[in-house]
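What the coordinates show
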Amino acid sequence: MADSIMSKAATMEIPINSNGDTGSLPEDDSLEQVSRDLQQVMVSGPNLNETSIVSGGYGGPAGGIIPTSSIKGSTNHNTNSSEEVTRGVAVEKLDSVKKWGINTYKCTKQMFSERFGRGSRTVDLELEAQIDVLRDTKSKYENILRLATALTSHFQSMVQTQQALGDTFTDLSQKSPELQDEFGYNAETQKLLCKNGESLLGAINFFVSSVDTLVNKTMEDTLMTIKLYENARLEFDAYRSDLEELSLGPRDAAAMVRIEMAQHEYQVHRDKYERLRSDVTIKLKFLEENKVKVMHKQLLLFHNAISAYFAGNQQQLEQTLIQFNVKLKPPGSDKPSWLEEQ
């Protein structure tokens, strides 16, 4: 390979004149210099571990040379940092799964112990009674909501029938001269009933909407907090039972460490249980006040609107709607627009 390179270098050093004749050969010392340079390159060769990147052109200043060893070290540092972060996340997830598994096991054990009568549970008799009353009240209010919704649907059908009947009477009054007055009277009556029916429908819909909000939002929110409270109570009793079992065991060094850890977990879950019990007590109090206020208004509206409609008192019915700020939807507002029908 050295002979090939030297031959190529010597060939490149032979000048050719314009007549095709070779010029005079270079001096011997020039050839010897080229040979020494090639041998130096072949013997020393580049060290891959110490290869440099030249930022400028060939023969540039030394300041433009960047050792690749520093780049390799930086890459290794970044890789190690990334691995440490990934390892930390994995360890954190593993600890979270471990804690969840231990907590689930303890709670399941406590739940079965309570069901089979072998374990004790913490009971707040006054609070438990209030929770039972709330669940029973919610069930009854759901029945009111279901029946009121059915009444709205049936009454809506009746109003639509009255409107169609009034339109038919109006048409026949124009086509039957001998019965024009009779058809006209009935048409006016059906139109008046239809108008009053739409007013009553507005009142009933307002009643249904308010009861629905009370049942499916306000009461449901309180029941969600109660569910969290019941879960916290189960966890508290599970860790309480665990601490009691450890306290009855031996008192060596290892056991004392476990007892101390159990005492810490017991205190954490006790604080959580006390906090949620306080939240449930406050929400039950505000729920009761809100329920009385809302239902007082809605029941009065329902009674006055129904009474005025079936008494045929149109003026009282309209005053009832104004009193309770019930706004009726304009006719045809429930129908989709022509853009929605496309």
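None of the values given here were measured: they were computed from a predicted structure. (Residues numbered from 1 in each chain as written. Predicted model: local features only at pLDDT ≥ 70, side-chain atom pairs only at ≥ 80, totals over all residues. Heavy atoms only, no water.)

1. Examining the overall build of the protein chain
On a plain count of helices and strands, the protein chain comes out with eight helices and two strands. Walking the protein chain from its N terminus toward its C terminus, one meets helices and strands in the order α-α-β-β-α-α-α-α-α-α. Of all 342 residues assigned to the protein chain, the portion counted as buried reaches 25%. Here the contacts in the protein chain between residues at least 6 apart in sequence split such that 73% fall between residues at least 24 apart. Split by element, the accessible area of the protein chain, about 24,300 Å² in all, is 57% carbon and sulfur. (Helix = DSSP H or I, 4+ residues; strand = E, 2+ residues; numbered from the N terminus. Buried < 20%, exposed > 50% of the residue type's maximum accessible area, 1.4 Å probe, protein only. Contact = heavy atoms within 4.5 Å. Areas by Shrake-Rupley, 256 points an atom, 1.4 Å probe, with all protein chains shown as cover.)

2. Regarding the packing of aromatic side chains
This structure, assessed with the given rule, holds seven aromatic pairs. Taken together, a centroid distance of 5.2 Å and an interplanar angle of 5 degrees make the contact between F236 and Y273 stacked. Taken together, the positions of F236 in helix α5 (residues 180–247) and Y273 in helix α6 (residues 253–310) put the pair 37 residues apart, joining distant regions of the chain. Here Y309 and F310 contribute two aromatic rings whose centre-to-centre distance is 4.9 Å and whose plane-to-plane angle is 90 degrees, an arrangement assigned as edge-to-face. Note on Y309: relative accessible area 11%, which makes it buried. (Phe/Tyr/Trp six-rings, centres within 6.5 Å; stacked < 30°, edge-to-face > 60°.)

3. Remarks on the UniProt feature "coiled-coil region" (unreviewed entry) in the protein chain
In this structure's numbering, the residues bearing the UniProt feature "coiled-coil region" (unreviewed entry) are residues 259–290. The span residues 259–290 shows a helical share of 100% and a strand share of 0%, and its end C-alpha atoms are spaced 46 Å apart. (UniProt positions renumbered as here; feature names shortened; annotations may be inferred.)

4. Here we look at the packing of helix α4 (residues 125–175) against α5
Where α4 meets α5, the axes come as close as 7 Å, and the angle between the chain directions of the two elements is 160 degrees. By the criterion of interaxial angle, the relationship of α4 to α5 is roughly antiparallel. Every pair of crossing elements has a handedness; the one defined by α4 and α5 is left-handed. Split by residue class, the contact of α4 with α5 holds 29 nonpolar, 17 polar and nine charged. (Axes fitted to C-alpha atoms, helices over the stretch in contact; angles between N-to-C directions. Parallel < 35°, antiparallel > 145°, perpendicular 65-115°, else oblique. Left-handed = near helix turned anticlockwise from the far one by under 90°. Nonpolar A, V, L, I, M, F, W, Y, C, P; charged D, E, K, R; others polar.)

5. Overview of the pattern of salt bridges
Taken as a whole and judged by the stated rule, the model has 14 salt bridges. With its nearest N and O atoms 3.1 Å apart, the salt bridge here joins R135 to E230. Of this pair, R135 sits in helix α4 while E230 sits in helix α5, and the two are 95 residues apart along the sequence. The exposure class of R135 is partly exposed, given its relative accessible area of 38%. Assessed through its relative accessible area of 28%, E230 is described here as partly exposed. Here E274 and R277 are joined by a salt bridge, their closest N and O atoms 2.5 Å apart. (Salt bridge = Lys/Arg side-chain N within 4 Å of Asp/Glu carboxyl O.)

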